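Residue-level listing of the chains:
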Amino acid sequence: MKTSHIVAATVGTVAVAAVGYALYFDSKRRSDPEFRRKLKKERKRAQKQQKEEEQKKEAKTTATVEEVLASIKDEDFPTSMEAREKFCMEQLSAGEALFTRGPEGYEMAAVCFFKALKVYPAPAELVMVYQKTIPPEVFTLVMSMLSMDVQKKQEKYFTVFPPKEMNVKIGELPEGVTADGQKVVRRGLIAIKDFAAGETIYSETPIISGMEPALEGGEFCHYCMKQIVGEESKVPCSTCTKVVFCSETCEKSAATEFHTVLCTKDNEDASSPERALFDYSKDSNRKYPDMLAKFLAKMVHEETLNTGEEYNLFDHIERLRYLEIRPSEAEEKEIALLKAALGAKIPGIEEFINEERYLTLKGKLLYNAYGLSTSLDNERVVEPSPENNRSVHDGPLVGAGFYRVTSYMSHSCEPNAKVAFAEHDNKLSIVAARDVKAGDELHVGFIKNGTLTTEERRQALFQDYRFKCMCPMCETTD
């Protein structure tokens, strides 16, 4: 008999036997309780074994990642743009050479790719490149390193911020329980030393500030919001007529941080995307779209400085509370204007500014910004924008500021601290309204109390900030 016939016959016999066993197995499974119990037990054992193997693998990965992060913890990464670019390319080349060796090179390859991420100016973009170009096993290790690094960075944040010289710390405070009994906590600002009434607890300059659109280009500095006395004291922008500054220092600071990117350049072009954004803010009487454009430009500028700071602007604001905003035609237009104004100058900004991120950033301004009272004339009439800002000042507000530390301040209708602008610019000071003890939470007023009843105060706060005030004044008065 031919070999091919023997093979065919054998295969046929095996197939028949396999079918027969399958029928026998199915019959036993349905009719024999002991067989079913034994099968179930074996299945559980197999599942348990698989789970244990996965846990061992996960524990090994975690240990590897922790070792890697510990080994590079004190490594000095380059800071200059040229050095960072060279280092990044070296790490990418080394990583590629290592993973081509196979599994034994995966761990060190992941270390190289992770180091490249640490210095690359747009890490999210590099992650997407990794996902398409490196082996899945290496990519998983890189992402594990990135995830643990971010987690450790987040855990460390409130141990180093705010700086001790600001005399405050950020603490977690109880805020009731949920319907199912889970404790709810919030973050608040706590004094770390005693202060007498009238003493300044700390001062800080804003991340960014913005002027009321009706005042732009008039008597107030576009950078520090200080009132400029006399036409001869005004320092103009060299390429636009829309803004003025109180000094050459402010003009240079603005140009460096954001104005070079956002200048309307109407001396050269009357229909630029930057001009469209400026005109929208002016016509709609809304300053926050322009402030967000400044924030994004400043964020990119700080990234290019490579100062070695562990936390950047985005790190500082991502922990802040925000108001949830439903998208409207206004937000759609603002997003389009921002992309047009920044797109040609900031690579990747069109992908970065999606609807969700823009609404979150705007929500952070609406919840955390403070009104700026820097006018020397308390009788000045200013058309206010309809946007929220925390303020109890009787004088006119000329704009709003967004602050790293003071954004953590909570509201009270009977606060123990108050906001002051002692130098009539956007530098904010927190002053003790009464004696403050170390360990006391600091509160300011978000709204003017005046003659408002408890119900009216709570209604105003809920409308603007979406919380029900439970301060002692509201809890003890009608």
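Predicted model, so just to flag it, every value in this text is computed and none were measured. (Residues numbered from 1 in each chain as written. Predicted model: local features only at pLDDT ≥ 70, side-chain atom pairs only at ≥ 80, totals over all residues. Heavy atoms only, no water.)

## Notes on the overall build of the chain
This is how it is decided: Numbering of helices and strands runs from the N terminus, with a helix taken as a DSSP run of H or I at least four residues long and a strand as a DSSP run of E at least two residues long. In what follows, residue pairs with any heavy atoms lying within 4.5 Å of each other are defined as contacts.
From N to C terminus, the chain includes 15 helices and twelve strands. Sequence-distant contacts in the chain: of pairs separated by 6 or more residues, those separated by 24 or more amount to 67%.

## What to know about unusual backbone geometry
Cis peptide bonds are those with omega within 30 degrees of zero, and the linkage from Phe-161 to Pro-162 qualifies with 0°. Tracing the backbone through its elements, the reader meets Pro-162 in the loop between α6 (136–160) and β1 (168–177). Despite not being glycine, Met-225 shows a phi value in the positive range, around 70°. If you trace the backbone, Met-225 turns up in the loop between β4 (208–211) and β5 (235–236).

## Quick notes on the pattern of salt bridges
As a reminder of what qualifies: Each reported salt bridge corresponds to a side-chain nitrogen of Lys or Arg within 4 Å of a carboxyl oxygen of Asp or Glu.
Summed over the entire model, instances satisfying the criterion amount to 18 salt bridges. Across the salt bridge formed by Arg-275 and Asp-279, the nearest N and O atoms sit 3.1 Å from each other. Of this pair, Arg-275 and Asp-279 both sit in helix α8 (residues 273–284), separated by four residues, roughly a single helical turn. The salt bridge partner of Lys-427 is Glu-423, with a shortest N-O separation of 4.0 Å. One salt-bridge network, held together by shared partners, links Glu-175, Arg-186 and Glu-441.

## What about the sheet that holds strand β7 (residues 370–372)?
For clarity, the cut-off: Pairing between two strands is assigned when DSSP locates at least 2 bridges connecting them. Helix axes use the C-alpha atoms of the stretch in contact, all axes being lines fitted to C-alpha atoms, and the angles between their N-to-C directions lie in the range 0 to 180 degrees.
Sheet architecture is open: three strands sit in the order β4-β8-β7, paired in antiparallel fashion. Strands with a single pairing partner mark the edges of an open sheet, and in this sheet they are β4 and β7. Sheet twist, expressed as the average angle between the axes of neighbouring strands with direction ignored, equals 30°. Pairing of β7 with strand β8 (residues 399–402) involves three bridges; the strand directions are antiparallel. Paired with Tyr-370 across the bridge in β8 is Gly-401.

## Quick look at the packing of helix α5 (residues 123–133) against α6
Axes are the key here: two packed helices are described by the angle between their axes and the distance separating the axes. As a reminder, the rule being used: Roughly parallel refers to an angle under 35 degrees, roughly antiparallel to one over 145, roughly perpendicular to one between 65 and 115, and oblique to any angle outside these ranges. Polar here means any residue outside two lists: the nonpolar Ala, Val, Leu, Ile, Met, Phe, Trp, Tyr, Cys and Pro, and the charged Asp, Glu, Lys and Arg; Gly therefore counts as polar.
Their axes nearest at 10 Å, the elements α5 and α6 cross at an angle of 155°. One finds that α5 runs roughly antiparallel with respect to α6. Touching Val-127, Tyr-130 and Gln-131 of α5 are Phe-139, Val-142, Met-143 and Leu-146, all from α6. Residue composition of the contact of α5 with α6, grouped by class: six nonpolar, one polar and no charged.

## A short note on the nonpolar core
Defined as follows: Among the buried residues, those of types Ala, Val, Leu, Ile, Met, Phe, Trp, Tyr and Cys that are joined through side-chain atoms within 4.5 Å form a nonpolar core. Exposed residues in this analysis have more than 50% of their type's maximum accessible area, buried residues have under 20%, and partly exposed residues fall in between, with area computed by a 1.4 Å probe over protein chains only.
By size, the foremost hydrophobic cluster in this structure holds 88 residues, and its most contacted members are Tyr-202, Leu-296 and Ile-430. At eight residues, the largest contribution of residues to this core is made by helix α9 (residues 288–305). Among all residues touching Leu-296, those that are not within four sequence positions of it are Leu-338, Leu-342, Ile-346, Ile-349, Phe-352, Ile-353 and Leu-361.

## As for the confidence of the model for the chain
Put simply, the test is: The quantity known as pLDDT measures the predictor's confidence residue by residue, on a range of 0 to 100.
The share of residues in the chain with pLDDT of 70 or more is 89%, and the mean pLDDT across the chain is 87. Between residues 1–16, whose pLDDT stays under 50, and residues either more than four places distant or in other chains, the model counts one contact.

## Quick word on the sheet that holds strand β11 (residues 428–432)
With antiparallel pairing, three strands are arranged side by side in an open sheet as β3-β11-β10. Each end of this open sheet is capped by a strand with a single partner; those strands are β3 (200–204) and β10 (417–420). When strand polarity is set aside, the average angle formed by the axes of neighbouring strands in this sheet is 20°.

## Description of α9
In an α-helix, one turn spans 3.6 residues; hence positions three or four apart end up facing the same way. Spelled out, the test is: Working rule for helices: expected span equals 1.5 Å times residues minus one.
With 18 residues, α9 should reach 26 Å at 1.5 Å per residue; the first-to-last C-alpha distance of 25 Å fits that figure. Of all the 18 residues making up α9, 13 are buried; the element is thus mostly covered by neighbouring parts of the structure.

## Some details on the side chain of His-222
Let me state the cut-off plainly: Polar contact is defined as a pair of N or O atoms within 3.5 Å, subject to the rule that within protein one atom must be able to donate a hydrogen and the other to accept it, and that residues adjacent in sequence are counted only when both atoms are side-chain atoms.
If you trace the backbone, His-222 turns up in the loop between β4 and β5. Note on His-222: relative accessible area 5%, which makes it buried. Of note is the side chain of His-222, whose polar atom sits 2.9 Å from the side chain of Glu-216. Here His-222 is in contact with Met-211, Glu-216, Val-243, Val-244, Phe-245, Phe-258, His-259 and Lys-294, once residues within four sequence places are set aside.

## Some thoughts on the packing of aromatic side chains
Aromatic ring pairs are described here by two measures, namely the spacing of the ring centres and the angle between the planes. Rules: For Phe, Tyr and Trp, rings pair up if their centres lie within 6.5 Å, where Trp contributes its six-membered ring, and each pair is then called stacked (planes under 30 degrees apart), edge-to-face (over 60) or tilted (otherwise). Any Lys NZ or Arg CZ that is within 6 Å of a ring centre and within 35 degrees of that ring's normal is treated as a charge sitting over the ring.
Enumeration over the complete set of coordinates arrives at 14 aromatic pairs. Seen from their ring centres, Phe-77 and Phe-87 are 5.8 Å apart, and the 90° between their planes marks the pair as edge-to-face. In this pair, Phe-77 sits in the loop between α2 (33–72) and α3 (81–99) while Phe-87 sits in helix α3, placing the two residues ten residues apart along the sequence. Classification of Phe-77 as partly exposed rests on a relative accessible area of 21%. What links up through ring pairs into an aromatic cluster is the set Tyr-157, Phe-158, Phe-161, Tyr-311 and Tyr-408. Over the ring of Phe-352 we find Arg-357; its NZ or CZ atom is 4.2 Å from the centre of that ring.

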